[in-house]
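One-letter residues, chain by chain:
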Amino acid sequence: MKETKLWINGEWVSTAESYELTAPYNGEHISNIAKATVNDVERSIEGAHQAFLQFKSSTAYERAEILYRVAELMKERKQDLAEIAAREAGKPITAALTEIDRTITTYQFAAEAAKGLSGETLPMDAAPGGKDRIGWTKRVSLGVISAITPFNFPFNLVAHKLGPAFAVGNAVVLKPAGQTPLSSLVMAGIFKDAGLPDGMLQIVTGSGSELSDTLVTHPLVKKVTFTGSSSVGLKIKEKVGLRKVTLELGSNAGLIVEPSVPIDKVIDRCVSGAFGYAGQVCISLQRIYVHQSIYDQFLNAFVAATEKLVVGNPLDEKTDVSAMINPKEVTRIMQWIEEAKEQGATVATGGTFTERTLTPTVMANVQPDMKVACQETFAPIVSIVPYDTFDEAINLVNQSDLGLNAGIFTNNLEDAMRAAEELEAGAVIINDVPTFRIDNMPYGGVKNSGYGREGIKYAVNEMTDLKFITIKTKL
């Protein structure tokens with residue numbers, strides 16, 4: 001695709017300006033991407049509203065069938081779709097194929113949610129004055145939803161916004177990340193082929209800083225759903241007013257490893273959780289707190305496993321870790337590593353870099369106030385820190401203003417249940433890394449990690465309004 005267009009009201013629309021999309025791995029030119037204007041966004045929102053007015057009377061069966069067809073079409077094109085993600089996101093092809101599988105599952109969950117939308121009856125006669133009355137609730141669609149998505153899961157995180165929105169009859173104006181527009185644009189054709197009416201999905205590409213105000217504040221927008229940085233999320237929260245909003249803003253996920261744990265059974269999982277997609281995952285394992293009695297053994301085993309990872313071309317099936325999303329991110333994280341070293345931290349392995357890649361990096365002697373520990377690295381770097389008591393481990397994990405997922409490996413049921421209660425996170429993952437996620441679980445954070453929840457069932461609730469209806473049966 002030499003040059004892309006916007007997807008507005010079921011048509012491909014050219015723009016006066018474009019920007020160059022290059023591959024994260026080698027900087028090669030991929031495409032010229034259409035750059036939308038504020039007028040394009042306004043047209044998209046207005047078109048989405050008109051489409052919603054027609055589509056909101058569709059049946060649950062009709063909406064489910066569209067989503068099931070999307071899943072089937074993605075199955076037929078799985079390899080091609082994965083290669084798009086690998087090229088524009090720099091995601092290793094094996095990880096990209098896994099993402100496509102997850103995305104298919106997400107749309108299937110959304111189809112099932114369309115058929116499962118329900119309310120409840122209320123016992124009106126339980127209150128004085130309620131005799132001879134029937135009351136019930138129902139979930140109703142909102143209208144136009146603005147969806148702003150990141151680069152790291154360009155198919156599946158889009159699906160977590162489109163799937164539940166269409167399941168309940170909402171229309172969506174989608175603004176994909178500047179680095180990964182092709183993954184979204186290819187879905188326009190798939191939804192069209194699956195029978196989604198024109199206008200229900202609008203896709204505008206271009207500058208987030210130039211378009212976001214309109215996406216967030218336009219009077220026809222009824223909800224904003226955003227995945228990205230905390231700084232941008234906080235600005236959206238300030239502007240969104242009384243509209244509904246869901247914000248998923250990342251984390252610096254912590255894991256506790258207790259002395260009862262067989263190290264050989266958890267090392268590979270920890271390494272995968274830390275370095276999958278070069279650590280550019282909101283719930284990437286960033287901080288590992290290991291009991292001091294097994295610390296040296298764990299660190300040595302972790303380093304050995306890390307050094308076996310292959311850094312290379314994302315289209316090579318042997319590649320475990322590829323490029324970071326852009327050279328600026330490599331520069332940033334190398335500055336953080338150097339700063340930590342100046343403050344006393346050491347690099348146990350890794351820490352070498354090119355313009356576009358950072359080798360998987362393990363750091364020791366890390367203090368809680370170092371950037372590599374207290375901020376979100378979003379890079380292939382993990383800190384391994386010893387602890388003496390379980391109280392200390394809990395406190396170390398909680399010593400963060402972020403809290404998306406946290407994890408613990410333990411064979412002690414009492415400690416597992418205590419961690420479940422005391423770890424400050426949107427999800428506590430017991431006997432797995434905090435990077436674990438399946439697509440029907442609630443997903444969202446506490447503290448500065450976000451607002452609201454994704455996961456199809458939970459997103460459906462946040463993408464609908466609750467309406468109450470009552471009827472007096474005797475006049």
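Preceding this section is the structure that the text describes.
Attention here is on the structure that accompanies the text. Only a predicted model underlies this, so the values are computations on that prediction, with no experimental measurement involved.

Calculation criteria
- Residues numbered from 1 in each chain as written.
- Predicted model: local features only at pLDDT ≥ 70, side-chain atom pairs only at ≥ 80, totals over all residues.
- Heavy atoms only, no water.
- Helix = DSSP H or I, 4+ residues; strand = E, 2+ residues; numbered from the N terminus.
- Buried < 20%, exposed > 50% of the residue type's maximum accessible area, 1.4 Å probe, protein only.
- Polar contact = N/O pair within 3.5 Å; in protein donor to acceptor, adjacent residues only side chain to side chain.
- Contact = heavy atoms within 4.5 Å.
- Salt bridge = Lys/Arg side-chain N within 4 Å of Asp/Glu carboxyl O.
- Phe/Tyr/Trp six-rings, centres within 6.5 Å; stacked < 30°, edge-to-face > 60°.
- Pairing = 2+ DSSP bridges.
- Disulfide = S-S within 2.5 Å.
- 1 Å grid on protein atoms, 1.4 Å probe; cavity = no way out; pocket = protein on both sides within 12 Å on 5 of 7 lines; lining within 4 Å.
- Points joined across faces, edges and corners; volume = space filled by probe spheres on them.
- Nonpolar A, V, L, I, M, F, W, Y, C, P; charged D, E, K, R; others polar.

1. Notes on the side chain of Ser-146
Then, in step 1: Mapping Ser-146 onto the fold places it in strand S7 (residues 144–148).
Then, in step 2: A relative accessible area of 0% places Ser-146 in the buried class.
Then, in step 3: Here Leu-215 takes part through its backbone oxygen, which lies 2.7 Å from a polar atom of the side chain of Ser-146.
Then, in step 4: In this structure, Ser-146 is in contact with Val-173, Leu-215, Val-221, Lys-223, Val-224 and Thr-225, ignoring residues within four places of it in sequence.

2. A closer look at the pattern of salt bridges
Then, in step 1: In total, this model carries 16 salt bridges according to the counting rule given.
Then, in step 2: The partner of Asp-213 in a salt bridge is Lys-239, and the shortest N-O contact between them spans 2.5 Å. Note that Asp-213 is positioned in helix H7 (residues 208–217) and Lys-239 in helix H8 (residues 230–239), a separation of 26 residues in sequence.
Then, in step 3: For Asp-213, a relative accessible area of 36% gives the class partly exposed.

3. Quick word on the packing of aromatic side chains
Geometry of an aromatic ring pair is reported as the spacing of the ring centres plus the angle between the planes.
Then, in step 1: Enumeration according to the criterion identifies seven aromatic pairs in this entry.
Then, in step 2: Geometrically, the ring pair formed by Phe-151 and Phe-378 is edge-to-face, given 5.9 Å between the ring centres and 85 degrees between the ring planes. Remark: Phe-378 occurs in the loop between helix H12 (371–374) and strand S16 (381–387) and Phe-151 occurs in the loop between S7 and helix H5 (156–167); sequence separation between them is 227 residues.
Then, in step 3: Summarising the aromatic geometry, the rings of Phe-166 and Phe-191 are spaced 5.2 Å apart at their centres and angled 70 degrees between planes, so their arrangement reads as edge-to-face. You can see Phe-166 sitting in helix H5 and its partner Phe-191 sitting in helix H6 (residues 181–194), a full 25 residues away along the chain.
Then, in step 4: An aromatic cluster is present here, built from Tyr-107, Phe-166 and Phe-191 joined pairwise through their rings.

4. Comments concerning the sheet that holds strand S5 (residues 121–122)
Then, in step 1: With respect to topology, three strands assemble into an open sheet ordered S5-S6-S22, the strand pairing being antiparallel. Two strands lie at the open edges of the sheet, namely S5 and strand S22 (464–472), each paired on one side alone.
Then, in step 2: Where S5 lies against strand S6 (residues 133–141), two bridges are found, and the strand directions are antiparallel. Residue pairing in the sheet places Leu-122 in a bridge with Gly-135 of S6.

5. A word on the environment of His-160
Then, in step 1: Turning to its location among the elements, His-160 is positioned in helix H5.
Then, in step 2: Linking His-160 and Thr-103, residues 57 residues apart in sequence, is a C-alpha distance of 8.4 Å.
Then, in step 3: Discounting chain neighbours no more than four positions away, the residues touching His-160 are Thr-106, Arg-437, Asp-439, Glu-454, Gly-455, Ile-456, Ala-459 and Met-463.

6. Brief notes about the state of the cysteines
Disulfide: a covalent bond connecting the sulfur atoms of a pair of cysteines.
Then, in step 1: Scanning the model with the defined rule gives zero disulfides in all.
Then, in step 2: The thiol of Cys-270 is not disulfide-bonded; the next cysteine sulfur, from Cys-282, is found 19 Å away.
Then, in step 3: The class of Cys-270 is buried, set by a relative accessible area of 0%.
Then, in step 4: With no disulfide of its own, Cys-282 lies 18 Å from the sulfur of Cys-374, the closest cysteine sulfur.

7. Re the layout of surface pockets
Then, in step 1: Taken as a whole, the largest pocket encloses approximately 1,100 Å³ of empty space.
Then, in step 2: Residue assignment for the lining of the largest pocket shows that the elements contributing at least two residues are H7, strand S10 (221–227), H8 and helix H11 (327–342).
Then, in step 3: Partitioning the lining of the largest pocket into residue classes produces 15 nonpolar, 17 polar and seven charged.
Then, in step 4: Considering only enclosed or pocket space, the second largest pocket measures out at about 700 Å³ in volume.
Then, in step 5: At the level of secondary structure, the elements contributing two or more residues to the lining of the second largest pocket comprise helix H4 (93–116), H5 and helix H9 (263–275).
Then, in step 6: The dominant element in the lining of the second largest pocket, judged by the number of residues it contributes, is H9, at six residues.
Then, in step 7: Of the residues assigned to the lining of the second largest pocket, the class counts are 14 nonpolar, 10 polar and eight charged.

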